[in-house]
Amino acid sequence: MESREVARAAIEISMTPSREEESLLKRKFLEMGIRATAVDYGGEFLSSMQKVVERAVVAARREQVIDGSHHEEGAVAGAAREALSQVMPKALGLNVGGKVGIARGGEHVVVSVFFAIGLLHLNEVAIGLGHRAI
C-alpha cells in the first residue's frame, strides 16, 4: 500500500459533510485495506491543539485504526501535530472548526485536518497533513 493512497483516504474522510457520508467512506476504504475514521473539532486554535491531538489518538484507538500500543499512539499524535503545524500560520489567535481524519494502510498512518478558520462567517479554509510510518 502506498502512502499516497492512505493520505488520500485521510483527506477525503476529513472533508465529509455528514456522519452518513463518513460511514460510507469507512466501508469503501476498508474494502481497499485502509482503516479510517474522523472526529469533529471546533474551538480556539492555540489553546486547543492538545485536545485535537488527544481526540485523534482516542478516535484512532476506538475505531481500531491503531491497536493502542505506545508507538502507534505516538505515530498518530506526531502526525496530528504535523498537520496542525501546517495550518498554524493562518489559525493563530482565531477559532477553527472542522474535522480531523485519520487513516491507516499497512505501515502508513496519516492524519488530515480540514478546518474553517476565522471569526463568525469571515472564514479562511485550510488543510494540513501529517504522515508517519509504523
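What counts as what
- Residues numbered from 1 in each chain as written.
- Predicted model: local features only at pLDDT ≥ 70, side-chain atom pairs only at ≥ 80, totals over all residues.
- Heavy atoms only, no water.
- Helix = DSSP H or I, 4+ residues; strand = E, 2+ residues; numbered from the N terminus.
- Buried < 20%, exposed > 50% of the residue type's maximum accessible area, 1.4 Å probe, protein only.
- Contact = heavy atoms within 4.5 Å.
- Polar contact = N/O pair within 3.5 Å; in protein donor to acceptor, adjacent residues only side chain to side chain.
- Salt bridge = Lys/Arg side-chain N within 4 Å of Asp/Glu carboxyl O.
- Core = buried A, V, L, I, M, F, W, Y, C linked by side-chain atoms within 4.5 Å.
- Pairing = 2+ DSSP bridges.
- Axes fitted to C-alpha atoms, helices over the stretch in contact; angles between N-to-C directions.
- Expected span 1.5 Å × (residues − 1).
- Arc of directions from axis to C-beta.

Undergrad: How do you make sense of the environment of alanine 80 when you look at a structure like this?
TA: Structurally, alanine 80 is set in helix α4 (residues 70-91). Residue classification places alanine 80 among the buried positions, given a relative accessible area of 1%. In the structure, alanine 80 is positioned 24 residues away from alanine 56 in sequence and 7.0 Å away in space, judged by C-alpha atoms. Filtering out sequence-adjacent residues up to four positions away, alanine 80 remains in contact with Val53, Ala56 and Val111.

Undergrad: Any chance you could explain the side chain of lysine 99 here in plain terms?
TA: Following the sequence through the fold, lysine 99 ends up in strand β2 (residues 95-105). In terms of polar contacts, lysine 99 uses its side chain to reach the side chain of glutamate 22, at 2.9 Å. Those residues within four positions of lysine 99 in sequence are excluded, and the remaining contacts are Ile13, Ser14, Thr16, Ser18, Glu22, Ala38, Val39, Asp40, Ser112, Val113, Phe114 and Phe115.

Undergrad: I'm lost on the pattern of salt bridges in this one. Help?
TA: When the charged atoms of two side chains lie near each other, side chains of opposite charge can form a pair. This structure, assessed with the given rule, holds 10 salt bridges. In this structure, the salt-bridge partner of glutamate 22 is arginine 19, at a minimum N-O distance of 2.7 Å. Taken together, the residues span about one helical turn, with glutamate 22 and arginine 19 both in helix α2 (residues 19-31) at a distance of three residues. Overlapping salt bridges bring together Arg19, Glu22, Lys26, Asp40, Arg62, Glu63 and Lys99 as one network.

Undergrad: Help me understand the environment of alanine 133 in this model?
TA: When you line up the elements, alanine 133 lands in strand β4 (residues 122-133). Residues alanine 133 and glutamate 31 lie 102 residues apart in sequence; the distance between their C-alpha atoms is 21 Å.

Undergrad: Where do I start with the nonpolar core in this structure?
TA: Side chains that are nonpolar tend, in soluble globular proteins, to be buried together. In this structure, Val76, Leu84, Val100, Ile102 and Phe115 are the most contacted members of the largest nonpolar core, which totals 28 residues. For this core, the secondary structure elements donating two or more residues are β1 (35-44), α3 (45-62), α4, β2 and β3 (108-119). Excluding anything up to four places from it in sequence, phenylalanine 115 contacts Tyr41, Leu84, Val87, Val96, Gly97, Gly98, Lys99, Val100, Glu124, Val125 and Ala126. Ala7, Ala9, Ala36 and Ala103 belong to the second largest nonpolar core, which has 12 residues in total.

Undergrad: For this particular structure, what's the right way to read the sheet that holds β1?
TA: The strands making up a sheet associate through hydrogen bonds between their backbones, and the pairing can be parallel or antiparallel. Taken together, four strands build an open sheet; the order of strands is β1-β2-β3-β4 and the sheet is antiparallel. This sheet does not close on itself; its edge strands, each paired only once, are β1 and β4. Ignoring which end each strand starts from, the neighbouring axes of this sheet average 15° apart. Relative to β2, β1 runs antiparallel, the two being bridged by 10 bridges. Paired with alanine 36 across the bridge in β2 is alanine 103. Helix α1 (residues 3-14) contacts β1, β2, β3 and β4 of the sheet and is inclined by roughly 145° relative to β2. Sheet strands touched by α4: β2, β3 and β4. Its angle to β4, the strand with the most contacts, is close to 150°.

Undergrad: What should I look at first to understand α1 in this one?
TA: Residues that lie three or four places apart on an α-helix share one face, since the helix turns once every 3.6 residues. Taking 1.5 Å per residue as the helical rise, α1 with its 12 residues ought to reach 16 Å, and the 17 Å between its terminal C-alpha atoms agrees with that figure. For α1, the set of buried residues is Val6, Ala7, Ala9, Ala10, Ile13 and Ser14. Considered in projection along α1, the buried side chains sweep an arc of 160° and stay on one side of the axis. Against the buried residues of α1 lie α2, β1, β2, β3 and β4.

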